[in-house]
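Geometric and topological summary
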Amino acid sequence: MRVLLLLPFIGLLWLPFYNSELPALVGFPFFYWYQLLWVPLTALLIWIVYRHEYESGEA
């Protein structure tokens with residue numbers, strides 16, 4: 001389950017994937033809103049891993 005915590009690193013460190021201006025969202029280029037999208041996604045992933053480890057007694 002801890003492997004889920006690698007997703008933000010992979011998604012944000014692979015710069016050629018999101019190094020573009022289009023598609024824009026509410027005037028923000030893709031480069032910016034893609035990074036901002038990862039903030040709540042990362043928090044959600046951390047919570048999921050925490051709950052899983054807390055319930056299984058690994059924490």
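Scroll up to find the structure this text is about.
One structure accompanies this document, and this report is about it.

Rules used in this analysis
- Residues numbered from 1 in each chain as written.
- Predicted model: local features only at pLDDT ≥ 70, side-chain atom pairs only at ≥ 80, totals over all residues.
- Heavy atoms only, no water.
- Helix = DSSP H or I, 4+ residues; strand = E, 2+ residues; numbered from the N terminus.
- Rg over C-alpha atoms; globule rule 2.2 N^0.38 Å.
- Buried < 20%, exposed > 50% of the residue type's maximum accessible area, 1.4 Å probe, protein only.
- Contact = heavy atoms within 4.5 Å.
- Areas by Shrake-Rupley, 256 points an atom, 1.4 Å probe, with all protein chains shown as cover.
- Patch = residues over 30% accessible without salt bridge, like charges linked within 9 Å, V, L, I, M, F, W, Y side chains within 5 Å.
- Salt bridge = Lys/Arg side-chain N within 4 Å of Asp/Glu carboxyl O.
- Phe/Tyr/Trp six-rings, centres within 6.5 Å; stacked < 30°, edge-to-face > 60°.
- Axes fitted to C-alpha atoms, helices over the stretch in contact; angles between N-to-C directions.
- Parallel < 35°, antiparallel > 145°, perpendicular 65-115°, else oblique.

What follows concerns the overall build of the chain. For the chain, the count of helices and strands is 3 helices and 0 strands. Over its C-alpha trace the chain gives a radius of gyration of 15 Å, far above what one expects of a compact globule, namely 10 Å for 59 residues. Expressed along its principal axes, the backbone C-alpha trace of the chain runs to roughly 45 × 20 × 10 Å. Out of the 59 residues in the chain, the part that is buried amounts to 15%. Within the chain, contacts between residues separated by at least 24 positions form 43% of all contacts whose residues are at least 6 apart in sequence. If you sum the accessible surface of the chain, you get close to 4,800 Å²; carbon and sulfur atoms cover 74% of it.

Among the surface-exposed residues, Val3, Leu6, Phe9, Ile10 and Leu13 lie close enough to one another that they form a single nonpolar patch of about 570 Å² accessible area. Considering the arrangement of structural elements, one finds valine 3 in the segment before helix H1 (6–13).

A few words now on the packing of aromatic side chains. Following the criterion strictly, the structure yields 9 aromatic pairs and no others. A centroid spacing of 6.2 Å and a plane angle of 75 degrees characterise the contact between tyrosine 34 and tryptophan 38, whose relative ring orientation is edge-to-face. Residue tyrosine 34 and its partner tryptophan 38 are both found in helix H3 (residues 30–56); the two are separated by 4 residues, about one turn of the helix. Tryptophan 38 shares its class with tyrosine 34; the two are buried. An angle of 25 degrees between the planes, with centres 5.8 Å apart, marks the rings of tyrosine 50 and tyrosine 54 as stacked.

In this section: the packing of H1 against H3. Running from N to C, H1 and H3 point in directions that differ by 170 degrees, and their axes come no closer than 10 Å. By the angle between their directions, the pair H1 and H3 is classed as roughly antiparallel. Contacts from Leu7, Pro8, Gly11 and Leu12 of H1 reach H3 at Tyr34, Gln35, Trp38, Thr42 and Leu45.

In this fold, phenylalanine 30 is placed in helix H3. By relative accessible area, which is 11% here, phenylalanine 30 ends up buried. If near-sequence neighbours (up to four positions away) are discounted, phenylalanine 30 is found in contact with Phe17, Tyr18, Ser20, Glu21, Leu22 and Pro23.

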